[in-house]
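The residues making up each chain are set out below.
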Amino acid sequence: MSKFINPTKVVTGPHTRFSYANVWEPKSINGGTPKYSVSLIIPKDDTVTLKKIKAAIKAAYEEGESKLKGNGKFVPPLDSIKNPLRDGDRERPGDEAYAGSYFINANSSTAPGIVDINRNPILERSEVYSGVYGRASINFYAFNTNGNKGIACGLNHLMKCNDGEPLGGKSRPEDDFSDLDDEDDFLS
């Protein structure tokens, strides 16, 4: 049995960093429908992942030409509509987490599946946070809403590959209390 290949779907490389990870509970942005979301930070030297993403964006554009055309006379060129692949150096200058990287904001109305490197489900929420490294299964699709046209990114699933320095200034409890083993037991 041959496996169906979806040209608009990509699984990122393992050095993708998760930021603004709202993957456990949906969150409403500006009063909109609550969604699960994550900003995927992809190093510019991950050329394999970036090539796949650019091909998937092009496939989503070609697949969605009629939607992008709408009631207009022509399909707008790909380089004139909103593109989900954004340059961290240009759009987030001064943010070290985004330096030397591209980023994509992915979201979904349904909860993503979240697994570890062995594909076992992760149930402990503290295991996946903003700053962790992993792979993301994402898909691209065309949109045309109120004259706003572009390609968007849907979030399918996440795989945690490695811990990372937490983003957003919040530390992890295991890090905050890691040096307490050296102190004398206060009960003795």
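Read on for a plain summary of the structure.

Calculation criteria
Residues numbered from 1 in each chain as written. Predicted model: local features only at pLDDT ≥ 70, side-chain atom pairs only at ≥ 80, totals over all residues. Heavy atoms only, no water. Helix = DSSP H or I, 4+ residues; strand = E, 2+ residues; numbered from the N terminus. Buried < 20%, exposed > 50% of the residue type's maximum accessible area, 1.4 Å probe, protein only. Contact = heavy atoms within 4.5 Å. Salt bridge = Lys/Arg side-chain N within 4 Å of Asp/Glu carboxyl O.

**Considerations on the environment of A106**
At step 1: Tracing the backbone through its elements, the reader meets A106 in strand β5 (residues 101–108).
At step 2: The exposure class of A106 is buried, given its relative accessible area of 2%.
At step 3: Taking the C-alpha atoms as reference points, A106 and A21, 85 residues apart in sequence, are found 10.0 Å from one another.
At step 4: If near-sequence neighbours (up to four positions away) are discounted, A106 is found in contact with Y36, S37, V38, L40, I138, C153, G154 and L155.

**Concerning the pattern of salt bridges**
At step 1: Taken as a whole and assessed by the stated rule, the structure comprises eight salt bridges.
At step 2: For D87, the salt bridge identified is with K44, shortest N-O distance 3.0 Å. With D87 in strand β4 (residues 86–87) and K44 in the loop between β3 (35–43) and α1 (47–63), the pair connects residues that are 43 residues apart, well separated along the chain.
At step 3: A salt bridge links D89 to K44, with the shortest nitrogen-to-oxygen separation between them at 2.7 Å. Residue D89 is located in helix α3 (residues 88–91), and its partner K44 is located in the loop between β3 and α1; the two are separated by 45 residues in the primary sequence.
At step 4: By relative accessible area, D89 is classed as partly exposed at 36%.
At step 5: Here the salt bridges share partners, and the residues they tie into one network are K44, D87 and D89.

Interpretation note: all reported values are geometric properties and have no functional meaning in isolation.
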